[in-house]
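Here is how the chains run, residue by residue.
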Amino acid sequence: MSSKFNKELEELARDQVISSEIADKISLYYDQKQAAKPNRLFTIFGVFGALLVGSGIILMLAHNWDDFSRITKTILAFIPLFIGQCAAGFSILKNKARTWKEASGTFLFFAVGASISLVSQIYNISGDLGSFLRTWTILCLPLIYLLRSHAVALLVILSSTYYATEVGLWNYKSNETPWLYVGFVLAIIPNYWVLVKNSLLSNTTTIFSWIVPVSITVGLAAFVKGNEELGFVMYMTLFGIFYNIGRLLVFRELRTLRNGHLIIGSLGTIILLMIFTFRWPWEEMYDTTIYRSQEFYTSLALGVVAISILGYTVIKKGIRSINSFQVSFLIFWGLFFLLSGMSTVPMILTNILVFVLGITAIKIGADTFNFGILNYGLLIVSILIICRFFDTDMSFVIRGLLFVIVGVGFFITNYRMLKRQQKKLIH
């Protein structure tokens, strides 16, 4: 505990605001609490230390690898795995501090990958990168819950994302869909949920709140195969899921920048809708939807999840708490499946929807005195006007007036917001 806090306690006891016994109890309580907290810097250095030790061992073995016999190579291939298992087992049995568990888990994660690759090389076992990543991730997945290791959880997320992209995107010889990636994500969710419930405001939870949706956003591309048009529906629905998750009551205490679900969901929704404010996407999608495709069933599954989360929010917070961002994926579904045979009507309606979303963001920013959200809404409206600048045959005078109006709108809105905030602080 800081010396400044001790001095404050002594002053309170001296002025008889609190008794000396209470001051001692407060001091003891905070000393014990501080001692129980893990040293985050030490944990970080422990993880990096494990990475460096593992890398050093592999490099030393690689230097003289060709001089070893097959039996010696096999023994050496399993030594890092044995060391990692011993360290992890010791951490679990002795219930060591988080630093021990994070470092041993990280070392064991890379030891598993190294052992698999070395044994495959020694005995010329055939296989591709996708199968290697799949096996590696499956073997290391239990470590998340055995060691309660956040570092291993992050590494598993990265390896599973790499697996999904390798199998579904980069391997041009295969048309395989990485369905196992769905299992990896579902297996990680409980660990993330425990973090949200127990330490919502921690930096670790913030990292997971960004990494998980980014991983799913990247991984979803591997599920788009022959019917790319429905990929837009899949992503629009996914961003609807993210935004609705970010609006759940459990995340209400988070600052906007810490809420990765909300930001990714909002930005993804606006970017996709902005594309469909032009005529050409609607013209190219005419009569191309395949309703028995993998993409359609994936869209339906995502739609069920999104509607379930939206319904839960309505039950908990009421229908009046729902804003246009939360239902925009439903509107897009209607436009896509009911009006995709046209071009002008869905284009106009999408422009109106984007404009409404911009006004919604402006209103949210004004109601919460959040200048970031306020200017985000103004930016949406401005980008929409810029898109129409290049997409219509308006005269330069009208275009110039529109830019002047938008610029003045930025200034007046921020000025009025600042005045309101100052009045609120005064009162």
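The structure under discussion appears in the preceding block.
The structure presented is a predicted model; accordingly, all values stated were derived computationally and were not measured.

## Focus: the packing of aromatic side chains
Describing an aromatic ring pair means giving the distance of the ring centres and the angle of the ring planes.
Thinking step 1. The full count for this structure, using the stated rule, is 20 aromatic pairs.
Thinking step 2. Ring geometry for Phe109 against Phe110: centres 5.3 Å apart, planes inclined by 85°, an arrangement best described as edge-to-face.
Thinking step 3. Centroid distance Phe276 to Phe332: 5.0 Å. Interplanar angle 75°. Geometry classified as edge-to-face. Taken together, the residues span a long stretch of sequence, with Phe276 in the loop between α12 (260–275) and α13 (280–284) and Phe332 in helix α15 (residues 324–339) at a distance of 56 residues. Just as Phe276 is buried, Phe332 falls in that class too.
Thinking step 4. Pairwise contacts between aromatic rings join Phe232, Phe276, Trp282, Phe296, Tyr297, Phe332, Trp333, Phe336 and Phe337 into one cluster.

## Focus on the side chain of Ser159
Thinking step 1. Position of Ser159 among the secondary structure elements: in helix α8 (residues 150–170).
Thinking step 2. The buried category is assigned to Ser159, whose relative accessible area is 7%.
Thinking step 3. Engagement of the side chain of Ser159 in a polar contact is seen with the side chain of Thr137, the distance being 3.0 Å.
Thinking step 4. Leave out the neighbours within four places in its chain, and Ser159 touches Phe109 and Thr137.

## With respect to the packing of α12 against helix α16 (residues 344–368)
Thinking step 1. Look at α12 against α16: their axes get within 9 Å of each other, and the N-to-C directions meet at 150°. Of the possible angle classes, the one that applies to α12 and α16 is roughly antiparallel. Crossing of α12 against α16: the hand is left-handed. Only Thr350, Leu353, Val354 and Leu357 of α16 make contact with α12, whose side of the interface consists of Thr269, Ile270, Leu273 and Met274.

## Section: the packing of helix α9 (residues 180–198) against helix α10 (residues 203–220)
Thinking step 1. The contact between α9 and α10 brings their axes to 11 Å, and the two run at 160°. With respect to each other, α9 and α10 are oriented roughly antiparallel. α9 and α10 meet at a crossing whose hand is left-handed. Here Tyr181, Val185, Asn191, Tyr192, Leu195 and Val196 of α9 lie close against α10, whose contacting residues are Thr204, Thr205, Phe208, Ser209, Ser215, Ile216 and Gly219.
Thinking step 2. For the contact of α9 with α10, the per-class residue count stands at seven nonpolar, six polar and no charged.

## A few points about the pattern of salt bridges
Thinking step 1. Summed over the entire model, instances satisfying the criterion amount to two salt bridges.
Thinking step 2. Between Glu102 and Arg98 there is a salt bridge, with the nearest N and O atoms lying 3.4 Å from each other. Here Glu102 pairs with Arg98, and both are found in helix α5 (residues 98–122), just four residues apart, close to one helical turn.
Thinking step 3. Classification of Arg98 as partly exposed rests on a relative accessible area of 34%.
Thinking step 4. Note that Asp367 and Lys363 form a salt bridge whose closest N and O atoms lie 2.8 Å from each other. In this pair, Asp367 and Lys363 are both assigned in helix α16, four residues apart and thus about one turn of the helix distant.
Thinking step 5. Judged by relative accessible area, which is 52%, Lys363 ranks as exposed.

Rules of the game
Residues numbered from 1 in each chain as written. Predicted model: local features only at pLDDT ≥ 70, side-chain atom pairs only at ≥ 80, totals over all residues. Heavy atoms only, no water. Phe/Tyr/Trp six-rings, centres within 6.5 Å; stacked < 30°, edge-to-face > 60°. Helix = DSSP H or I, 4+ residues; strand = E, 2+ residues; numbered from the N terminus. Buried < 20%, exposed > 50% of the residue type's maximum accessible area, 1.4 Å probe, protein only. Polar contact = N/O pair within 3.5 Å; in protein donor to acceptor, adjacent residues only side chain to side chain. Contact = heavy atoms within 4.5 Å. Axes fitted to C-alpha atoms, helices over the stretch in contact; angles between N-to-C directions. Parallel < 35°, antiparallel > 145°, perpendicular 65-115°, else oblique. Left-handed = near helix turned anticlockwise from the far one by under 90°. Nonpolar A, V, L, I, M, F, W, Y, C, P; charged D, E, K, R; others polar. Salt bridge = Lys/Arg side-chain N within 4 Å of Asp/Glu carboxyl O.

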